[in-house]
Amino acid sequence: MNSEEICKICQTAPSKYCCPRCNVLYCSLACYKSSQHLQCSESFYKENVIQEMTMVRDEQQAQQSSNKMLEILSNLEQNDLSIDEGTEAGYEEDEHEDRFEEIDSDDAEDVPDLSERLGKVNLDDPDAVWERLTEEERKDFQNLLENGDVGRILPEVDPWWNGEFKVELVQAAESKVLSKGESHLLETCPSVKRVIRSFSELSSKPPSPLMRYNVTNILAAYAFVFRYFNGDFTGNAPEVVNTLISIAGNFKQNSNYDSQSLAVESVCHECRQERLPADKETSRLLTQDVEKLLTGPEQCGQKYRKHFLLAALSDVHRLIVLTKGYDGEKAKASRDSDGGEFSSKFNDDVGELKYLDPVKVRGYLKKIEFMLSYAKDHI
């Protein structure tokens, strides 16, 4: 028998299969699972579990996006009721008789409850949702936007890095199954990029001492956009990335920083330059966020010490990948031709995504991959 056809694990039986990861020839499941092939097979099982969890999380994120939309609309309805109650209590009847007649007229129409009207509507389609709102609800929404009070109806954001995590430090060495704590951690956080090259492969020189603070600048920008977009990046990748680049000086201007506080404060400064909301409370929150992302989950052991850091940088990488090939003119034309009343009213607010130049986007990807390698090996 040709030696190339013999199982490379047991060295006796004819080979029937080839491992898709390491290309070793083997004859049976027993050989595939043997101690000689354990490292490869265990990695394969774990990668499949993580991939499955990623799919589940994507479905959960889509559901969460719909739930957030329902909560926003419900808050809008409650806000409308509170305004009406306050108005009715504060105005004299003879001066605002027409106002009360209008309210009575609306009541007489017997408008179905909001949950009824949105029962079969795709909540990720703003035009479809807008069509189901009453004229009064539309006016209230526009007033909140114009007055800068829209935050009143948005659900409170809860960043994933503020979750409670605990991974059992003592586990069976031969176990191929993720523990409950590991599963919770990996399901909650963004997926870490599967292949992160070692820093020595990318550079023959040691990293600059300033590199850590440049990473901090990107983390602070990521934390801001996570809070600004209320933790919902579904379908918003171009806007999210454009905002992130506009406030991350290391991306936008290739700036370098020599302290963590300066790297964070730079993000707040750029926010104000871009007319984004940022004050002392923003600076305090971002400082806390960056510290949490750098230190990682507290009760998950050395194995997951860098998990928050790598997950955040991987999420930035994923979002930038989603913007590759973005064509602003094409996107605008599509909105103009396909959009309904809501899109035509509010899409102008998106503005020009001026930081998504295709050549620069490729440069941002290279930079974030460099940072991932640095973070994995040197932080």
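Each value, and the rule that gives it
Residues take numbers from 1 onward in each chain, read along the sequence in its written order. pLDDT decides what is reported in this predicted model: residues at 70 or higher carry local features, side-chain atom pairs at 80 or more are listed and counted, and totals for whole chains, interfaces and linings draw on all residues regardless. Excluding hydrogens and water, the side-chain values take into account all heavy atoms of the structure. Summary of the burial criterion: residues with accessible area below 20% of their type's maximum are buried, those above 50% are exposed, and those between are partly exposed, where the area comes from a 1.4 Å probe applied to protein chains only. Secondary structure elements are defined from DSSP: runs of H or I of at least 4 residues count as helices, runs of E of at least 2 residues count as strands, and each element is numbered from the N terminus. We call two residues contacting when some pair of their heavy atoms lies within 4.5 Å. For helices, the fitted axis covers only the stretch in contact; all axes are lines through C-alpha atoms, and the angles between them, taken along N-to-C directions, range from 0 to 180 degrees. With respect to orientation, any angle under 35 degrees is reported as roughly parallel, any angle over 145 as roughly antiparallel, any angle of 65 to 115 as roughly perpendicular, and every other angle as oblique. Gly counts as polar in this scheme, as do all residues outside two lists: the nonpolar Ala, Val, Leu, Ile, Met, Phe, Trp, Tyr, Cys and Pro, and the charged Asp, Glu, Lys and Arg. Counting of polar contacts relies on pairs of N or O atoms within 3.5 Å, with two restrictions inside protein: one atom must be capable of donating a hydrogen and the other of accepting it, and residues adjacent in sequence are counted only when both atoms are side-chain atoms. Here a crossing is called left-handed whenever its near helix is offset anticlockwise from the far helix by less than a right angle, and right-handed whenever the offset is clockwise. In this description, a nonpolar core means a group of buried Ala, Val, Leu, Ile, Met, Phe, Trp, Tyr and Cys residues linked to one another through side-chain atoms lying within 4.5 Å. Stacked, edge-to-face and tilted are the three classes for Phe, Tyr and Trp ring pairs, Trp counted by its six-membered ring, which pair at centre distances within 6.5 Å; planes under 30 degrees apart are stacked, over 60 edge-to-face, the rest tilted. Between the first and last residue of a helix there are one fewer steps than residues, each counted as 1.5 Å, and that sum is the expected span. The pLDDT value expresses, per residue, how confident the predictor is, ranging between 0 and 100.

Peer 1: Break down helix 10 (residues 237–247) for me, citing the residues and quoting the values.
Peer 2: Among the 11 residues that make up helix 10, 10 are buried, leaving the element largely enclosed by the rest of the structure. Looking only at helix 10, the buried set comprises Ala237, Pro238, Val240, Val241, Asn242, Thr243, Leu244, Ile245, Ser246 and Ile247. As for helix 10, its buried residues are in contact with helix 9 (211–228), helix 11 (249–252), helix 12 (260–273), helix 14 (307–322) and helix 17 (358–378).

Peer 1: Run through the packing of helix 9 against helix 14, naming residues and quoting values.
Peer 2: It is the contact of helix 9 with helix 14, at a shortest axis distance of 10 Å, that shows an interaxial angle of 70°. Between helix 9 and helix 14, the interaxial angle falls into the category roughly perpendicular. Residues Val215, Ile218, Leu219 and Tyr222 of helix 9 form the contact with helix 14, whose own contacting residues are Leu309, Ala312, Leu313, Asp315 and Val316. Residues of the contact of helix 9 with helix 14, tallied by class, amount to 8 nonpolar, no polar and 1 charged.

Peer 1: Go over the environment of Ser34 with me, naming the residues and quoting the values.
Peer 2: Tracing the sequence through the fold places Ser34 in the loop between helix 1 (29–32) and helix 2 (38–90). Overall, the relative accessible area of 16% leaves Ser34 in the buried class. Spatially, the C-alpha atom of Ser34 lies 7.9 Å from that of Ile9, the residues being 25 residues apart in sequence. Polar contacts involving the side chain of Ser34 include one to the main-chain carbonyl oxygen of Cys31, which spans 2.8 Å.

Peer 1: Hey, could you go over the packing of helix 10 against helix 14 for me, with residue numbers and the actual values?
Peer 2: Axis separation between helix 10 and helix 14 bottoms out at 8 Å; the angle between their running directions is 120°. Considering the angle they form, helix 10 stands oblique to helix 14. In this structure, the crossing between helix 10 and helix 14 has a hand that is left-handed. Contact with helix 10, carried on its side by Ala237, Val240, Val241 and Leu244, involves Val316, Leu319, Ile320 and Leu322 of helix 14 and no other residues of that element. For the contact of helix 10 with helix 14, the residue count by class is 8 nonpolar, no polar and no charged.

Peer 1: Break down the nonpolar core for me, with residues and values.
Peer 2: In this structure, Trp160, Leu219, Tyr222, Phe251 and Leu313 are the most contacted members of the largest nonpolar core, which totals 65 residues. Mapped onto this core, the elements with two or more residues apiece are helix 7 (180–188), helix 9, helix 10, helix 12, helix 13 (280–295), helix 14 and helix 17. The element that contributes the greatest number of residues to this core is helix 9, accounting for 11 residues. Other than its neighbours up to four places away in sequence, Tyr222 contacts Trp160, Trp161, Pro190, Phe233, Leu244, Ala312, Asp315 and Val316. Listed in part, the 9 residues of the second largest apolar core include Ile9, Tyr26, Cys27 and Cys31.

Peer 1: Could you give me a rundown of the packing of aromatic side chains, with the residues and numbers involved?
Peer 2: Following the criterion strictly, the structure yields 15 aromatic pairs and no others. Geometrically, the ring pair formed by Phe251 and Tyr364 is tilted, given 5.1 Å between the ring centres and 50° between the ring planes. Of the two residues, Phe251 sits in helix 11 while Tyr364 sits in helix 17, which places them 113 residues apart along the sequence. On the accessibility criterion, Tyr364 (8% relative accessible area) is buried. Taken together, the aromatic side chains of Trp160, Trp161, Phe165, Tyr222, Phe226, Phe233 and Phe308 make up a single cluster linked through ring pairs.

Peer 1: Break down helix 9 for me, with residues and values.
Peer 2: Relative to the 26 Å expected for 18 residues at 1.5 Å per residue, helix 9 spans 26 Å between its end C-alpha atoms, a close match to the ideal helical length. Burial within helix 9 is extensive, with 14 of its 18 residues counted as buried. Note on helix 9: the residue one or two positions beyond its end, Asn230, has a positive phi of about 60°.

Peer 1: Got a sec to walk through the side chain of His37? Specific residues and values, please.
Peer 2: You can see His37 is positioned in the loop between helix 1 and helix 2. Reaching out from His37, the side chain makes a polar contact with the backbone oxygen of Tyr32 at a distance of 2.8 Å. Setting aside anything within four residues of it in sequence, one finds His37 in contact with Ile9, Cys19, Cys22, Val24, Cys31 and Tyr32.

Peer 1: How would you sum up the confidence of the model for the protein chain? Please name residues and give values.
Peer 2: Residues at a pLDDT of 70 or more form 68% of the protein chain, whose mean pLDDT is 79. Under a pLDDT of 50 for its full length, residues 87–108 has, in the predicted model, 9 contacts with residues more than four places off or in other chains.

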